[in-house]
Amino acid sequence: IIMLLMGPPPRVDPILHTPTLELTGVVSRVGRWVALESHDFDMPQVLVCPFPNVHDARFQISIHGGGQPRWSRDGRELFFLAADGTIMGVDVVQGPTWQASTPRPILPRNVLGNVSTSLRTFDVTPDGQRFLVLKGSPDRGAVPPQIIVVQNWLDGINRADRAH
């Protein structure tokens, strides 16, 4: 997991570099914690580490697998996608040490994708009251929607006008 430092000159610095796969690092709004997905277990799990001193501690947030962590705008909640597709949430206590509640379900198992994907399959609105979710089709046997791309469509209209 790396970060881009913007100010002159811009540079990229590693935040966390370990022998295991770690993805989707997200720094809390208050800048004190980084939530990430770690593959240092039997299944991917969501961890929180102090930021920027990520090697000082690791707190496991998910219990039965998880990934794609997202912070609420005020940093008082952390959301993640459980292994079964349920969006989970934990309440975070603001303070000098990490304190959080036990994960609780927020939305049922209907999020498209799995925990280990670079595709963001959900996000939380700034007010923390709504979620934007990519969902699978309820009818698994249905034909997937198609997208038709028409290139040079203006040329086709011009030709049709000249023909009339």
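Residues numbered from 1 in each chain as written. Predicted model: local features only at pLDDT ≥ 70, side-chain atom pairs only at ≥ 80, totals over all residues. Heavy atoms only, no water.

J.: Please clarify how the sheet that holds strand β6 (residues 59-60) should be interpreted in this entry.
T.: Sheet strands pair via backbone hydrogen bonds, and the direction of the pair is either parallel or antiparallel. Pairing is antiparallel across the open sheet formed by four strands, whose spatial order is β3-β4-β5-β6. Pairing within the sheet leaves two strands with one partner each, and these edge strands are β3 (22-27) and β6. By the bridge criterion, six bridges tie strand β4 (residues 33-38) to strand β5 (residues 45-50) in an arrangement that is antiparallel. Across the sheet, residue Leu 36 finds its bridge partner in β5, namely Leu 47. (Pairing = 2+ DSSP bridges. Helix = DSSP H or I, 4+ residues; strand = E, 2+ residues; numbered from the N terminus.)

J.: For this particular structure, what's the right way to read the packing of aromatic side chains?
T.: What describes a pair of aromatic rings is the distance from one ring centre to the other and the angle between the planes of the rings. This structure, assessed with the given rule, holds six aromatic pairs. Their ring planes at 80 degrees and their centres at 6.3 Å tell us that Trp 33 and Phe 59 sit as a pair that is edge-to-face. Of this pair, Trp 33 sits in strand β4 while Phe 59 sits in strand β6, placing them 26 residues apart in sequence. Residue classification places Trp 33 among the buried positions, given a relative accessible area of 8%. Overall, the relative accessible area of 28% leaves Phe 59 in the partly exposed class. Relative to Phe 131, the ring of Phe 79 lies with its centre 5.0 Å away and its plane at 90 degrees, an arrangement referred to as edge-to-face. On the criterion of sequence distance, the pair formed by Phe 79 in strand β8 (residues 77-82) and Phe 131 in strand β12 (residues 131-133) is long-range, its members being 52 residues apart. Of the two residues, Phe 79 and Phe 131, both sit in the buried class. Its guanidinium or amino end placed over the ring of Phe 122, Arg 70 lies 5.2 Å from that ring's centre, counting from NZ or CZ. (Phe/Tyr/Trp six-rings, centres within 6.5 Å; stacked < 30°, edge-to-face > 60°. Buried < 20%, exposed > 50% of the residue type's maximum accessible area, 1.4 Å probe, protein only. Lys NZ or Arg CZ within 6 Å of the ring centre and 35° of its normal.)

J.: Sorry if this is basic, but what is going on with the pattern of salt bridges here?
T.: Should their charged atoms come close, side chains of opposite charge can pair. Following the criterion strictly, the structure yields six salt bridges and no others. Salt-bridge contacts for Arg 58 lead to Asp 40; the nearest nitrogen and oxygen are separated by 3.7 Å. Residue Arg 58 is found in the loop between β5 and β6, and its partner Asp 40 is found in the loop between β4 and β5; the two are separated by 18 residues along the sequence. The partly exposed category is assigned to Asp 40, whose relative accessible area is 41%. Glu 77 is the salt-bridge partner of Arg 104, the closest N and O atoms lying 2.7 Å from each other. Pair noted here: Arg 104 is in strand β10 (residues 104-107) and Glu 77 is in strand β8, with a separation of 27 residues, a long-range link. Given a relative accessible area of 27%, Arg 104 falls into the partly exposed group. (Salt bridge = Lys/Arg side-chain N within 4 Å of Asp/Glu carboxyl O.)

Spatial relationships are all this shows, so hold off on functional conclusions.
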